[in-house]
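In case you want the letters, here they are:
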6 protein chains.
Amino acid sequence: KKLSNQLVNCKSDTVLLIEANLDDQTGESLGFVMDVLLDAGALDVFFTPIHMKKNRPATKLSLLVNPAEREKFVRLLLKYTRTIGVRYQTLQRSIMQRQFRSVATTFGPVHVKVATYGDIVKQTPEYEDCAKIAHEQKVALEEVYQEVTRQLTRPSD
Amino acid sequence: KKLSNQLVNCKSDTVLLIEANLDDQTGESLGFVMDVLLDAGALDVFFTPIHMKKNRPATKLSLLVNPAEREKFVRLLLKYTRTIGVRYQTLQRSIMQRQFRSVATTFGPVHVKVATYGDIVKQTPEYEDCAKIAHEQKVALEEVYQEVTRQLTRPSD
Amino acid sequence: KKLSNQLVNCKSDTVLLIEANLDDQTGESLGFVMDVLLDAGALDVFFTPIHMKKNRPATKLSLLVNPAEREKFVRLLLKYTRTIGVRYQTLQRSIMQRQFRSVATTFGPVHVKVATYGDIVKQTPEYEDCAKIAHEQKVALEEVYQEVTRQLTRPSD
Amino acid sequence: KKLSNQLVNCKSDTVLLIEANLDDQTGESLGFVMDVLLDAGALDVFFTPIHMKKNRPATKLSLLVNPAEREKFVRLLLKYTRTIGVRYQTLQRSIMQRQFRSVATTFGPVHVKVATYGDIVKQTPEYEDCAKIAHEQKVALEEVYQEVTRQLTRPSD
Amino acid sequence: KKLSNQLVNCKSDTVLLIEANLDDQTGESLGFVMDVLLDAGALDVFFTPIHMKKNRPATKLSLLVNPAEREKFVRLLLKYTRTIGVRYQTLQRSIMQRQFRSVATTFGPVHVKVATYGDIVKQTPEYEDCAKIAHEQKVALEEVYQEVTRQLTRPSD
Amino acid sequence: KKLSNQLVNCKSDTVLLIEANLDDQTGESLGFVMDVLLDAGALDVFFTPIHMKKNRPATKLSLLVNPAEREKFVRLLLKYTRTIGVRYQTLQRSIMQRQFRSVATTFGPVHVKVATYGDIVKQTPEYEDCAKIAHEQKVALEEVYQEVTRQLTRPSD
Ligand code: NI
Ligand code: NI
Ligand code: NI
Ligand code: NI
Ligand code: NI
Ligand code: NI
Ligand code: NI
Ligand code: NI
Ligand code: NI
Ligand code: NI
Ligand code: NI
Ligand code: NI
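These lines cover the structure that appears in this document, whether it is placed above or below.

Rules used throughout
Residues numbered from 1 in each chain as written. Chains lettered and ligands numbered in written order. Predicted model: local features only at pLDDT ≥ 70, side-chain atom pairs only at ≥ 80, totals over all residues. Heavy atoms only, no water. Pairing = 2+ DSSP bridges. Helix = DSSP H or I, 4+ residues; strand = E, 2+ residues; numbered from the N terminus. Axes fitted to C-alpha atoms, helices over the stretch in contact; angles between N-to-C directions. Contact = heavy atoms within 4.5 Å. Buried < 20%, exposed > 50% of the residue type's maximum accessible area, 1.4 Å probe, protein only. Buried area = accessible area lost by both parts, 1.4 Å probe. Salt bridge = Lys/Arg side-chain N within 4 Å of Asp/Glu carboxyl O. Polar contact = N/O pair within 3.5 Å; in protein donor to acceptor, adjacent residues only side chain to side chain. Nonpolar A, V, L, I, M, F, W, Y, C, P; charged D, E, K, R; others polar. Least-squares fit on C-alpha atoms with pLDDT ≥ 70 in both. Arc of directions from axis to C-beta. Phe/Tyr/Trp six-rings, centres within 6.5 Å; stacked < 30°, edge-to-face > 60°. Lys NZ or Arg CZ within 6 Å of the ring centre and 35° of its normal.

We now examine the sheet that holds strand E6 (residues 110-117) of chain E. All names here are of chain E. Here we have three strands laid out as an open sheet, ordered E5-E6-E7, and antiparallel in their pairing. Each edge of the sheet is formed by a strand with only one pairing partner; in this case those strands are strand E5 (97-103) and strand E7 (120-125). Each strand axis lies, on average, 25° off the axis of its neighbour in the sheet, ignoring direction. Along the sheet face, helix H3 (residues 127-137) touches E6 and E7 and points at about 155° away from the line of E6.

What follows is the structure, encoded as structure tokens:
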């Protein structure tokens, strides 16, 4: 996902939550399905361990998508999972406005996301940048985050 | 549940999701409650492990029922669980049309559910048939499913 | 929370469920957030273990609040957690009417909550009273509950 | 299991814990396996939700058995689950001595297990007795336990 | 991992289980650590959701490794996670002997693992082969497994 | 716990893991038990959600203690939980050496734990110090950690 696509200016929107309980599909197959759904543009995909009837350890698959893409994702779920039905609902969201800036560190430059909501400001080093550095320079991810943090000035600076 | 009761022709409907967080009821008792709710005609009952205040490992009980039966199930939950309140919401569902056919296998006949949604077709051996065979003939459930699969022709055949 | 504030006469109301998925915050910090949210008057706060993309074990934070306090809690979540967006929805609730009475036991007096919903009546010893006794007299919490139960007469007595 | 078989006089023993991680077996099938293992005499069978590589929500199956029956249960796991290997270890246990007595209640007689370990004494109404009453008389399981508790005298009485 | 490296002839061996409880590391970072450990040759890495003191939702990291590589993995855990200590123990394992054969299907050839333990025989289509086909031919993983199963003869054939 | 009690010089030791599966105790009561065990000096107490027979959502209680205190903790578990038996095993541990230093920040001084294991060095701001500041100054815990990190020099400085 290019960073430019993540720029968000609005403060609220709606999102569709689609869910299905799966007791007749393996974990291997659910890992495969997560890839399919993310590739297709799902905003978020997550699994919750649940306990269904007849002593079945099972998984609830949850999917957050753009409400306009409901039918596309319903079809993907019915095709790629074993479920024969999915349930869905529209949720409201409050979201922070996001901008990206580049911060120089001893490991090299790292993008930092600056999120704002009124007077609330949060700065978050981009995971992908930090993970690439940690992987290549064989250090812990936290060590990279700590170095980025040292270089961060307050947003108002 | 008789298979004939499971025949479904519509492609979408609504379902009521009722939930309660339980930190003052034992697992033994929750297993009992699951039976009570399934016997009363709940479409689905499942438990999610949650973590409540004061370091309490707890359970969220979730119940999917026909919206027309809301008050009946609210009363069952208030009577059989320790909660003093339940929350609920109506969800939309997209569901596949289902038909059953019988497939001959070396273990004997097995029902197979054929579910369709537009051009999407899925075939699923019935759990109860396969479990009965696996139990009586002392084989793994997967061995029965594999045998049914070998006998399955494509739906279009 | 004083017991008098917990007296409830209505049988149904609405509640706001606010949720966020957190994969970039530690458990230590989430425990801190639970305190902040309860101190601010959340009706309930609970954590659900989830599994997010890229093999991330994560936590869904769920918050039940008075719908009139939505913006207050949205701001608290955006300030105290690492999320840059939260989702929410309004739920209906059916709740039992509650009264408190005091029951004399060999351990001393204990408050008991009497909850009613039509003909359904449930009596629950107050956790805080029982925990205080169990802590001070070095007995199991269940032993205190059992003693309270022995002293309980049926609500109709 | 007959109650007489549950009488235990020793205070410590050993037990074998056998475990396997399952990411290629469905919840339906794991529910079936639990029955097979309990029927074969496992002391305890339980499932833990785990998160394996490649985003797989999976299940750890744990089995407590008599150490003398190791090979029997290893074979059952290799036959009935999809795993190709199981791991095991011997654990020590400290266990309470148990006796059963019958307690008269307004619902009829109920067995109560009296467990002792030195000066520690615990009384537990038998689940099966209470569940049968709750099912037949359409009351909550807790209501039965509360009635049994009212009739319980202290073990020393 | 090349398939030839997975050929196993022995029926039992030992494995080292290393574990640590993590309440001060994010899910993002734990996903990164899983990659590091698998790249370093861990036999298995898995996460279990746990609930630690002070209301902390946390994660138990479990690692199965060759006992001869203990110090290497202890060091990796101390370097890449936030824990300041790890615990470990040696477990026995019973494992099936494994061979691979190639099966022709309408989707193309697929490797199938044939695992044996005395008279117990299990056949498992290789996940990576099936996932590649499912991804490229845009079909569900189960559809590929079902096609492989149709082509499977019994091992004795 | 005073910081001076946490100074550790050895690099390896043993610890006793005691566990019990609880399906007949409420979450409320388990939260109470966690306090009892921590007050008694347990090194760690944690809960794992499990799924026991008869559709029971349950909790595995795990306790890490000094091996010399086994009988004390066995007795506490048998007294304060509903279990009638506990299992235990001795584990090896590899642990980092720890020292504390004080770091000046714009929020005031904060203790930082410096843990070493050969050439591996990790610095961790003390949770209790940071939580106190975050609580009193009404900022997010991460904001305090980030400020401490900015002030941290490398251990070799
Ligand atoms: Ni099914
Ligand atoms: Ni840039
Ligand atoms: Ni309560
Ligand atoms: Ni038929
Ligand atoms: Ni993130
Ligand atoms: Ni009072
Ligand atoms: Ni596999
Ligand atoms: Ni008897
Ligand atoms: Ni810590
Ligand atoms: Ni080959
Ligand atoms: Ni029991
Ligand atoms: Ni100091």
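Moving on from the model shown.
Along strand E4 (residues 85-95) of chain C, nine of the 11 residues are buried, which leaves the element largely enclosed by surrounding structure. Pairing of strand E4 (residues 85-95) of chain A with E4 of chain C, which is carried by four bridges, proceeds in the antiparallel orientation. The residue bridging Arg93 of chain A from the neighbouring strand is Arg87 of chain C, located in E4 of chain C. Sheet analysis places strand E1 (residues 12-22) of chain C next to E4 of chain C, joined by eight bridges and oriented antiparallel. Residue pairing for E4 of chain C: Glu19 of chain C is matched across the bridge by Arg87 of chain C.

Here we come to the interface of chain F and chain D. Interfaces are often sized by the amount of accessible area the parts lose when they come together. Across the boundary between the two partners, chain F contributes 25 residues, which contact 28 residues of chain D. Summed over both partners, the interface of chain F with chain D buries about 2,300 Å², with 54% contributed by carbon and sulfur atoms. Broken down residue by residue, the surface that chain F buries against chain D is led by Ile84, Arg87 and Tyr88 of chain F, which jointly contribute 27%. For the interface between chain F and chain D, the tally reads two salt bridges. Applying the counting criterion to the chain F and chain D interface returns 13 residue pairs in polar contact (both at pLDDT 80 or more). Contributing elements (two or more residues each) for the side of chain F that touches chain D: strand E2 (44-52), strand E3 (56-65), helix H2 (70-80) and strand E4 (85-95) of chain F. Among the elements that make up the side of chain F that touches chain D, the one with the highest residue count is H2 of chain F (six residues). Of the residues contributing to the side of chain F that touches chain D, the split by class is nine nonpolar, seven polar and nine charged.

Another aspect to go through is the relation of the copies chain F and chain D. It takes a turn of 120° to lay chain F on chain D, together with a shift of 0.0 Å along the axis; the resulting RMSD is 0.0 Å. Such values leave the two copies arranged in the relation of a three-fold axis.

Within an α-helix, residues lying three or four positions from one another point in the same direction, as the helix has 3.6 residues per turn. Residue and element names in this part refer to chain A. All of the buried residues along helix H3 (residues 127-137) are Tyr127, Cys130, Ala131, Ile133 and Ala134. The buried residues of H3 occupy one face: seen down the axis, they fall within an arc of 160°. Turned more than 90 degrees from where H3 packs its buried face, Lys132, His135 and Glu136 sit exposed. Lys138 occupies a position one or two residues after H3 and carries a positive phi of about 50°.

With that settled, the discussion passes to the relation of the copies chain B and chain C. After a rotation of 120° and a shift along the axis of 0.0 Å, chain B superposes on chain C with an RMSD of 0.0 Å. Each copy contacts the other with its own distinct surface, as only 12% of the interface residues of chain B are interface residues in chain C too.

Turning our eyes to something else, we now look at the interface of chain B and chain C. Contact residues are listed per partner, giving 25 residues for chain B and 27 residues for chain C. Of the roughly 2,300 Å² buried at the junction of chain B and chain C (both faces included), carbon and sulfur atoms supply 54%. Looking only at chain B, the three residues that lose the most surface to chain C are Ile84, Arg87 and Tyr88 of chain B, adding up to 28% of its buried area. Salt-bridge contacts for Asp119 of chain C lead to Arg75 of chain B; the nearest nitrogen and oxygen are separated by 2.7 Å. Here chain B is connected to chain C by 13 residue pairs in polar contact (both at pLDDT 80 or more). With six residues, the single largest contributor to the side of chain B that touches chain C is helix H2 (residues 70-80) of chain B. Tallied by class, the residues present in the side of chain B that touches chain C amount to nine nonpolar, seven polar and nine charged. Pairing geometry for strand E2 (residues 44-52) of chain B and strand E2 (residues 44-52) of chain C, over two bridges, is antiparallel. Within E2 of chain C, the position partnered with Met52 of chain B by the bridge is Phe46 of chain C.

Moving on, we come to the environment of Val144 of chain F. Residue and element names in this part refer to chain F. Tracing the backbone through its elements, the reader meets Val144 in helix H4 (residues 141-151). Each C-alpha atom of the pair Val144 and Cys130 lies 6.1 Å from the other, and the pair is 14 residues apart in sequence. Discounting chain neighbours no more than four positions away, the residues touching Val144 are Phe107, Cys130, Ile133, Ala134 and Val139.

On to the packing of aromatic side chains, then. For the coordinates displayed, the defined rule picks out zero aromatic pairs over all chains. A cation over a ring is seen here: Arg56 of chain D above Tyr127 of chain E, with NZ or CZ 4.4 Å from the ring centre. Directly above the ring of Tyr117 of chain E sits Lys11 of chain E, whose terminal nitrogen or CZ lies 4.5 Å from the centroid.

So, on to the environment of Leu16 of chain A. All names here are of chain A. Counting through the fold element by element, Leu16 comes out in strand E1 (residues 12-22). A relative accessible area of 3% places Leu16 in the buried class. Once the C-alpha coordinates of Leu16 and Leu63 are considered, the two residues, 47 residues apart in sequence, prove to be 7.9 Å apart. In contact with Leu16, other than residues within four places in its own chain, are Leu63, Leu64, Val65, Pro67, Arg70, Tyr88, Gln89 and Thr90.

Here we take up the pattern of salt bridges. This model, assessed by the stated rule, comprises 56 salt bridges over all chains. A salt bridge links Lys54 of chain A to Glu128 of chain B, with the nearest nitrogen and oxygen atoms 2.3 Å apart. One end of the pair, Lys54 of chain A, is in the loop between strand E2 (44-52) and strand E3 (56-65); the other, Glu128 of chain B, is in helix H3 (residues 127-137), on a second chain. For Lys54 of chain A, a relative accessible area of 34% translates into the label partly exposed. A relative accessible area of 43% places Glu128 of chain B in the partly exposed class. Measuring nitrogen to oxygen at the nearest pair gives 3.0 Å for the salt bridge that ties Glu69 of chain A to Lys72 of chain A. Judged by its relative accessible area of 36%, Lys72 of chain A is partly exposed. Within this structure, Asp23 and Arg56 of chain A together with Glu28 of chain D form a network of salt bridges that share partners.

This part is about the pairing of E2 of chain F. Residues in a regular strand point their side chains to alternate faces of the sheet. Residues and elements named next belong to chain F. Burial of E2 is extensive: nine of the nine residues sit out of reach of the surface. Across the two faces of E2 the burial is the same, with Asp44, Phe46, Thr48, Ile50 and Met52 and Val45, Phe47, Pro49 and His51 all buried. Looking at chain direction, E2 and E3 are connected through nine bridges and run antiparallel. Along E3, the bridge assignment pairs His51 with Pro57. If you look at the hairpin formed by E2 and E3, you'll find three residues sitting between the two strands, and Lys54 has a positive phi there, around 60°.

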